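# Summary of structural features
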Amino acid sequence: MVLFLAAPTLLAAGSGGSEHVAVTLLSEAASVRPGEPFTVGLRMKMAPGWHTYWKNPGDAGLPLRIEWDLPEGFRGGEIEWPTPSRFETGSLVSYGYTGEVLVPVAITPPARVGADSARIAGTFRWLECEDVCLQGEASLELTLPILPESPAPSADAPAFEASRARLPRLSREWRFSAEAGPRAIALSFRSPDGSTPRRATFYVDRALVLEAAAPQGFATTGEVSRMTFTAAANAPAPPARLTGVLVLEGLPNAPASVAVQVDVPVSPGDPAPAPPPSAGTSGRTAALAAAGVAVLFLVTLALRRQTPRRRPFRRESGNREG
Amino acid sequence: MRRLVTAVSILAWSVALAVPSTVQAVAVVGKPAPAFSLRDTDGKTVRLDSFKGKVVVLEWTNYGCPFVKKHYGSGNMQALQKKYMDQGVVWLSICSSAKGKQGNMSESEAKAAVAETGAGSRYLLDPKGSVGKSYGAKTTPHMFVIDASGKVVYAGAIDDKPSTDPADVPKAKNYVADAVDAVLGGQPIEVAATPSYGCSVKY
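Residues numbered from 1 in each chain as written. Chains lettered and ligands numbered in written order. Predicted model: local features only at pLDDT ≥ 70, side-chain atom pairs only at ≥ 80, totals over all residues. Heavy atoms only, no water.

### Overview of the packing of aromatic side chains
For the structure shown, the criterion picks out 16 aromatic pairs over all chains. Ring centres 5.0 Å apart and planes at 80 degrees place the aromatic pair Tyr95(A) and Tyr203(A) in the edge-to-face group. Of this pair, Tyr95(A) sits in strand S8 (residues 92-97) while Tyr203(A) sits in strand S14 (residues 199-204); the two residues are 108 residues apart in sequence, bridging distant segments of the chain. When its relative accessible area of 6% is taken as the criterion, Tyr203(A) is described as buried. Chaining the aromatic ring pairs together yields one cluster made of Phe36(B), Trp60(B), Tyr135(B) and Phe144(B). (Phe/Tyr/Trp six-rings, centres within 6.5 Å; stacked < 30°, edge-to-face > 60°. Helix = DSSP H or I, 4+ residues; strand = E, 2+ residues; numbered from the N terminus. Buried < 20%, exposed > 50% of the residue type's maximum accessible area, 1.4 Å probe, protein only.)

Listed below in structure tokens is the structure:
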């Protein structure tokens, strides 16, 4: 183990991984043209039941971290995070990926490259969790030829196309507004054609803003949908901006699930919490609450019936009332 | 009587309707720390309110979690416990792992495991997770500092290096040490809340 940590580059290859996550470093382009950014990506294949994390992992977990080892003058960009899903473990909620995900990153080569190939290498560290969590790590590399012409797509290019479909959309046509108050933080939105979704989930991308496990309220009035959230218990102050990804399901004339990037200033106010949706796990809570209310109703009826029979006690105590 | 019945049913109905929307009480900086009593590895009951007048550190733990291993394997957690317990601070390590989940131990198993780590803190068992949930403990570790008046003054991560790598320990800014130093020295706490990092608490 110590040897492995001391000399990771000796073991570097295109693929690697841990017991539960297989990883491969891929390039979208078959070659590199000096000065022209290209995209590489880490493909992560999770064993059934295991997940890895989004940039904001939610209540627990850690996002993927990359330490690049690139040729001189090459620059590694920000990770482009595909839209996550939500995991409930006990009473906690985290955000991340199951199955397979390709995490793209742009690499910018310098305008002049004095070599005929470029070795793109990096150390990738992630946390993988099922019920328990393990640290995963791999040192991976790939080598691409440097060519003066515009690069041809590599054999893995279709995987990048599929991955882009999972990135949240940046759209100016969606209208957003946000408000924060003592009872809730609210996000209102209108889709470009005014249609409304059946379901909405908001993934805030920073920690200590919203409680990940609190139910999200959702209500629609005309063409405007409104979501409400619970502020994080120890949030230092109301957020100045609300940033993250909004996932919408059941929009007419749209794919089953649409993800939109949200970055909106938050104005002070006192928005009222919207009701949580009555589907999925919150449906179970609602059913339990309904059952409880039904029991109480019956108890109330029973108590009311018993009332006249208890009257003699009142007479004995001389407490007469009409 | 009818009035009583009406009053009871109004009360019951309002409880029934209020419960689903009630947000769980959690440890909030600036507010009183939620009261609790838990058993330690000797089966003795430990009550938080018996430490009034002392600074208390609560550390959520799970010995099977790689983030906890980072801080115990490097000796960081034990060193912090010793340093502050020597200054009169009470340090309680709480395990909220449910029965059958990672980190859950019987009193005797926990006693042996604690002895092996060399931890100086008192180890408390919360297998039902009720104390963990009442604090909003999400990760292991998740740290809380309570001042002598019983108020929460810090909630969050142990330090600013969210990783499982013990090599990060010496480079890290330790939020708990900073908070305890400040509260012992009567100084304001610079960073009172941070996002905790680690494995999820195994409720």
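Now that the structure has been shown, we can carry on.
### Overview of the nonpolar core
Membership of the largest hydrophobic core comes to 38 residues, with the highest contact counts inside it found for Tyr63(B), Val145(B) and Val176(B). Here this core gets 5 residues from one element, more than from any other, and that element is helix H6 (residues 175-184) of chain B. Non-local contacts of Val145(B), meaning those with residues more than four positions away in its chain, are made with Val55(B), Val56(B), Val57(B), Lys151(B), Val152(B), Val153(B), Tyr154(B), Val176(B), Ala179(B) and Val180(B). If you look at the next biggest cluster of nonpolar residues, it comprises 37 residues, including Trp54(A), Tyr97(A), Ile107(A) and Ile146(A). (Core = buried A, V, L, I, M, F, W, Y, C linked by side-chain atoms within 4.5 Å. Contact = heavy atoms within 4.5 Å.)

### Things to note about the pairing of strand S3 (residues 38-46) of chain A
Residue and element names in this part refer to chain A. For S3, the tally of buried residues reaches 7 of 9 residues, placing the bulk of the element in the interior. Bridge count between strand S2 (residues 21-27) and S3: 7 bridges; the pairing is antiparallel. Within S3, the position partnered with valine 21 by the bridge is methionine 46. By the bridge criterion, 8 bridges tie S3 to strand S9 (residues 100-108) in an arrangement that is antiparallel. The residue of S9 that forms the bridge with arginine 43 is leucine 102. (Pairing = 2+ DSSP bridges.)

### Here's the deal with the sheet that holds strand S7 (residues 85-89) of chain A
Residue and element names in this part refer to chain A. As summarised here, the arrangement of the 3 strands in space is S4-S8-S7, forming an open sheet in which the pairing is antiparallel. Whereas interior strands pair on both sides, the edge strands pair on one side only; in this sheet they are strand S4 (52-58) and S7. Between one strand and the next, the sheet's axes are offset by a mean angle of 45 degrees, whatever the strand orientation. (Axes fitted to C-alpha atoms, helices over the stretch in contact; angles between N-to-C directions.)

### Here's the deal with the sheet that holds strand S7 (residues 143-146) of chain B
Note on sheets: strands pair through backbone hydrogen bonds, and any given pair is parallel or antiparallel. Residue and element names in this part refer to chain B. Taken together, the 7 strands give an open sheet; going across it, the order is S2-S1-S5-S4-S3-S7-S8, and neighbouring strands pair in mixed fashion. Two strands close off the open sheet at either side, each with one partner strand: strand S2 (45-47) and strand S8 (152-156). Neighbour-to-neighbour, the strand axes of this sheet turn through a mean angle of 30 degrees, independent of strand direction. Pairing of strand S3 (residues 56-60) with strand S4 (residues 90-95), which is carried by 5 bridges, proceeds in the parallel orientation. Across the sheet, residue valine 57 finds its bridge partner in S4, namely tryptophan 91.

### Concerning the confidence of the model for chain B
Residue and element names in this part refer to chain B. Of the residues in chain B, 88% have a pLDDT of 70 or more, and the chain-wide mean is 91. This stretch, residues 4-23, has a pLDDT under 50; its non-local contacts, to residues over four places away or in other chains, come to 15 contacts. On the interface metric, ipTM, the complex scores 0.85, and its pTM is 0.84. (pLDDT = per-residue confidence, 0-100.)

### A word on the pattern of salt bridges
All chains considered together, the criterion is met by 22 salt bridges over all chains. Taking the shortest distance from any N to any O, the salt bridge between Asp59(A) and Lys138(B) comes out at 3.3 Å. Taken together, the residues Asp59(A) in the loop between S4 and strand S5 (65-69) and Lys138(B) in the loop between helix H5 (130-135) and strand S6 (139-140) connect one chain to another. Residue Asp59(A) shares its accessibility class with Lys138(B), and that shared class is buried. Between Arg39(B) and Glu107(B) there is a salt bridge, with the nearest N and O atoms lying 3.3 Å from each other. Remark: Glu107(B) occurs in helix H4 (residues 107-117) and Arg39(B) occurs in strand S1 (residues 37-40); sequence separation between them is 68 residues. Shared partners join several salt bridges into a network, and the residues in it are Glu28(A), Glu161(A) and Arg164(A). (Salt bridge = Lys/Arg side-chain N within 4 Å of Asp/Glu carboxyl O.)

### A look at the packing of helix H3 (residues 76-85) of chain B against H6(B)
Residues and elements named next belong to chain B. Close contact between H3 and H6 brings their axes to 12 Å; oriented N to C, the two are set at 5 degrees. One finds that H3 runs roughly parallel with respect to H6. Seen from H3, the contacting residues are Leu80, Lys83 and Tyr84; seen from H6, they are Ala177, Val180, Asp181 and Leu184. Of the residues in the contact of H3 with H6, the class split is 5 nonpolar, no polar and 2 charged. (Parallel < 35°, antiparallel > 145°, perpendicular 65-115°, else oblique. Nonpolar A, V, L, I, M, F, W, Y, C, P; charged D, E, K, R; others polar.)

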